[in-house]
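Spelled out, the chains give:
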Amino acid sequence: MAHSLTYERVRITTVRSTWISLALAVLLPMALAALASSPNPVYDEQGNQIGEQIDWTQGIGAPLVITAVIASVIAAQAIGQEYRFGVIRLTLTAFPRRIDVLLSKILVVAAASAVLALVSLASAWAVLALRGYPTPPDYAVAPDAGFYIRGVLSVVLWGLSAFALAGITRQTAVGIAVPIISGLIVEQIVAALVGSRAQWLADILPWSALARWGQTPAAAQPGFDPAMDPTFHEPPVGWGGVGVFAVWLAVFMALQIWSFLRRDA
Amino acid sequence: MDVEAIGLGKSYGDVRAVDDLAFTLRPGMVTGFLGPNGAGKSTTMRLMLGLDRGDGRTLWDGRTLVEQAPVTKVVGAHLDARFFHPSRTARNHLRMLATEAKVPQQRVDEVLTLVGLDSVAGKRPGGFSLGMAQRLGLAGAILAEPQVLLLDEPANGLDPQSIQWLRDFLRHYAQQGNVVFVSSHLLSEMQLMAEHLVVIAKGRLVADETLEAFVARSTRNDVLVRTTDVAALETALVSQGLAVVREGDDGLAVATSDTDLVGDTAFRAGVGVRELSRRSASLEEAFLELTSGDQQYATGGGQ
């Protein structure tokens, strides 16, 4: 297992795309943070407010969507490119215990995704500091440690889903595209179409559920009274949201493990 | 180390690509692996390595590959010239393969020099020619100095000098007590390189014997005798139970490899002999004869 981990480390660090992805994980979040940040409300010459103050959470958190996409590129390539170029046959000749290879890949993908997320957060943090946000931030309004942990883990989970999908289909493009297209487009359309008729379906859409991890349940918000609106329906948020995604990920991973262990290399 | 393939089998839908194949590879010699296109040679090699799922098993000194460590010290395989990431440099490609057996960096450079790729070690192999790609594949296979080499068509794309180098290298590698199992369509090359043959057709074993024995099975092995009295000698040979075909005005092709028998018969018949020579089939002729009708993908023939 230790040798297959070393093999994976050498594999991932000796291709250009990894370093390009890392550079993008620095530059794109910096650019997004610069565009999205606004330390103070913006007023016109007449004193009318024309721009909202963007808090730390938004300024740092928004770029993580891009980071998740970059992580999915590295994750999908970790398995998809091996099949594309036939390198998987060299890998499995050297390491015939396939489960060791798969576990090593999962660990390296998770670690690489976490590194990308941390780099992204640090880059966005630096931009916000340069833009005039107070440092250290006002912790009354700035994100707590849980925000950063959720951010990093969300990127890791997104990356693992891309890895599993690329592994099941042996296609890098599927691993990259499905989470993006499903999470950002298809699931929104499905949720809008089914509306209240099949609310349960909208509730279990995977990447939307993952995005709700950071949301606070309505019941925990001051002044909320469910009796005021009998039709009120809240999809799984917080741990419920990540729980829904975890079930999806478990299904993807189970299929991926079966495929990797049972099919021809 | 002996390599024992036991009951290897593999189906693709209704097609039985490899069917109950069993053979043993011995150290100290190059074993050639022959078969027409689609005979199942590559599938067999993948089954041996556990890359394809199928029936049977392969034992490497009595144990499966999963039970061996480090595996790259046991077997080195070269299954396809293009099995590399095009943007990972040749040196890094080998560095990656070196991790399982903890092969030192010095050995990576040594192998690159050995296969003649030291000058392009830092280059990305995406632009390599087929011959260079073959050399990189071979470098990966021999990196950890394994006891067994499995090579699928390693001579494809190599120039004549490189083929000669490959032949010498593999013979030398085998003579050091290693198992070398190599498939090739270059039968003339195989004739020079291999001492033992495993021949398959339509997934089934046709021959597992020495090259000499395989060639001897061909009906194209005969004796040519040129004589002063063709008719008399023909009668004498036929009376001995030998099949005879006339060749030219004074020649007979006798279906035997025993020149003494033909010479004695001519002597007893009292006919003069101008030429008496044994003609041996080439590996190519023997292979074509013994696998005729077993081609999976035969051409339609000329018009």
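Reading guide: rules and limits
Per chain, residue numbering runs from 1 following the sequence as it is written. Chains carry letters and ligands carry numbers; both start at the beginning, A for chains and 1 for ligands, and go up in the order they are written. Only residues with pLDDT of 70 or above have their local features reported here, since the model is predicted, and side-chain atom pairs are shown and tallied only from 80 upward, although totals for entire chains, interfaces and linings are computed over all residues. Side-chain metrics rest on all non-hydrogen atoms present in the structure, leaving aside hydrogens and water. The rule is simple: put a 1 Å grid over the protein atoms alone, call a set of points where a 1.4 Å probe fits but cannot get out a cavity, call an open set with protein on both sides within 12 Å along at least five of seven lines a pocket, and count a residue as lining if it has an atom within 4 Å of a point. Grid points are joined across faces, edges and corners, and a volume is the space filled by probe spheres set on the points. To qualify as a helix, a DSSP run of H or I must reach at least 4 residues; to qualify as a strand, a run of E must reach at least 2; elements of each kind are numbered from the N terminus. Residue classes follow a fixed rule: Ala, Val, Leu, Ile, Met, Phe, Trp, Tyr, Cys and Pro count as nonpolar, while Asp, Glu, Lys and Arg count as charged, and any other residue, Gly among them, counts as polar. Here the aromatic set is Phe, Tyr and Trp, taking the six-membered ring for Trp, and pairing holds for ring centres within 6.5 Å; pairs whose planes are under 30 degrees apart are stacked, those over 60 apart are edge-to-face, and all others are tilted. Between any two strands, pairing holds if DSSP finds at least two bridges. Note on method: axes are straight lines fitted to C-alpha atoms, helices fitted across the in-contact stretch only, with angles between N-to-C directions ranging 0 to 180 degrees. Only heavy atoms enter the contact rule, under which two residues are in contact if any of them lie within 4.5 Å. Accessible area is worked out with a 1.4 Å probe on protein chains only. A residue is then buried under 20% of its type maximum, exposed over 50%, and partly exposed in between. pLDDT runs from 0 to 100 and stands for how confident the predictor is about each residue.

**Student:** If you had to explain empty space enclosed by the protein to someone new, which residues and values would you point to?
**Tutor:** Applying the stated rule across the entire model yields 3 cavities of 30 Å³ or more. Estimates place the volume of the largest cavity at around 270 Å³. In this structure, the largest cavity is lined by 22 residues; those nearest its centre are Leu 90 of chain A together with Ala 77, Leu 97, Gly 140 and Ala 141 of chain B. Those elements giving two or more residues to the lining of the largest cavity turn out to be helix H5 (87–94) of chain A together with strand E5 (75–78), helix H3 (90–97) and helix H5 (130–142) of chain B. Here the lining of the largest cavity is built from residues that sort into 13 nonpolar, 7 polar and 2 charged. The computed volume of the second largest cavity comes to approximately 120 Å³.

**Student:** Help me get a handle on the packing of aromatic side chains, residues and values and all.
**Tutor:** In the structure shown here, the tally under the stated rule is 13 aromatic pairs over all chains. Here the aromatic rings of Trp 165 of chain B and Phe 169 of chain B are separated by 5.4 Å at their centres, their planes lie at 15°, and the arrangement is stacked. Of this pair, Trp 165 of chain B and Phe 169 of chain B both sit in helix H6 (residues 160–175), separated by 4 residues, roughly a single helical turn. Through pairs of rings, three or more aromatic residues link up here, namely Trp 158, Trp 207, Phe 245, Trp 248 and Phe 252 of chain A.

**Student:** Explain the sheet that holds strand E11 (residues 244–247) of chain B to me, and be specific about the residues and the numbers.
**Tutor:** Residues and elements named next belong to chain B. The strand order E11-E12-E10-E13 describes an open sheet built from 4 strands, whose pairing is antiparallel. Strands at the two margins of the open sheet, each flanked by one partner only, are E11 and strand E13 (273–279). Across the sheet, the axes of successive neighbouring strands diverge by a mean angle of 20°, strand direction being ignored. When strand E10 (residues 222–227) meets E13, the two strands line up antiparallel, connected through 6 bridges. Residue pairing in the sheet places Val 223 in a bridge with Arg 278 of E13. Across the sheet, helix H10 (residues 259–269) is in contact with E10, strand E12 (251–254) and E13; its angle to E13 comes to roughly 160°.

**Student:** Lay out the side chain of Ser 123 of chain A with the relevant residues and their values.
**Tutor:** Relative to the assigned elements, Ser 123 of chain A resides in helix H6 (residues 98–130). Not counting the four nearest positions on each side in its chain, Ser 123 of chain A is found in contact with Ala 25, Val 26 and Met 30 of chain A.

**Student:** Report on the sheet that holds strand E3 (residues 29–34) of chain B, specifying residues and quantitative values.
**Tutor:** Sheet strands associate in pairs through backbone hydrogen bonding, adopting either a parallel or an antiparallel arrangement. All names here are of chain B. The 6 strands are arranged E5-E6-E7-E3-E8-E9 in an open sheet whose pairing can be described as mixed. Either end of the sheet is taken by a strand with one partner, and the two such strands are E5 and strand E9 (204–210). Mean inter-strand twist for the sheet, computed between neighbouring axes without regard to direction, equals 15°. Across the face of the sheet, helix H1 (residues 41–49) comes into contact with E3, E5, strand E6 (148–152), strand E7 (179–183) and strand E8 (196–201) while running at roughly 150° to E6.

**Student:** If you had to explain the pairing of E7 of chain B to someone new, which residues and values would you point to?
**Tutor:** Residues and elements named next belong to chain B. Counting buried positions over the 5 residues of E7 gives 5, a clear majority of the element. The side-chain alternation of E7 yields two buried faces, one formed by Val 179, Phe 181 and Ser 183 and the other by Val 180 and Val 182. Note: E3 against E7, 5 bridges, orientation parallel. Bridge pairing in E7 links Gly 32 to Val 182. Where E6 and E7 come together, 5 bridges link them in parallel fashion. Paired with Leu 151 across the bridge in E7 is Val 182.

**Student:** How would you summarise the confidence of the model for chain B if you had to cite specific residues and measurements?
**Tutor:** When pLDDT is averaged along chain B, the result is 91, and 96% of the positions lie at 70 or above. Overall fold confidence (pTM) sits at 0.84, and the ipTM for the predicted complex is 0.82.

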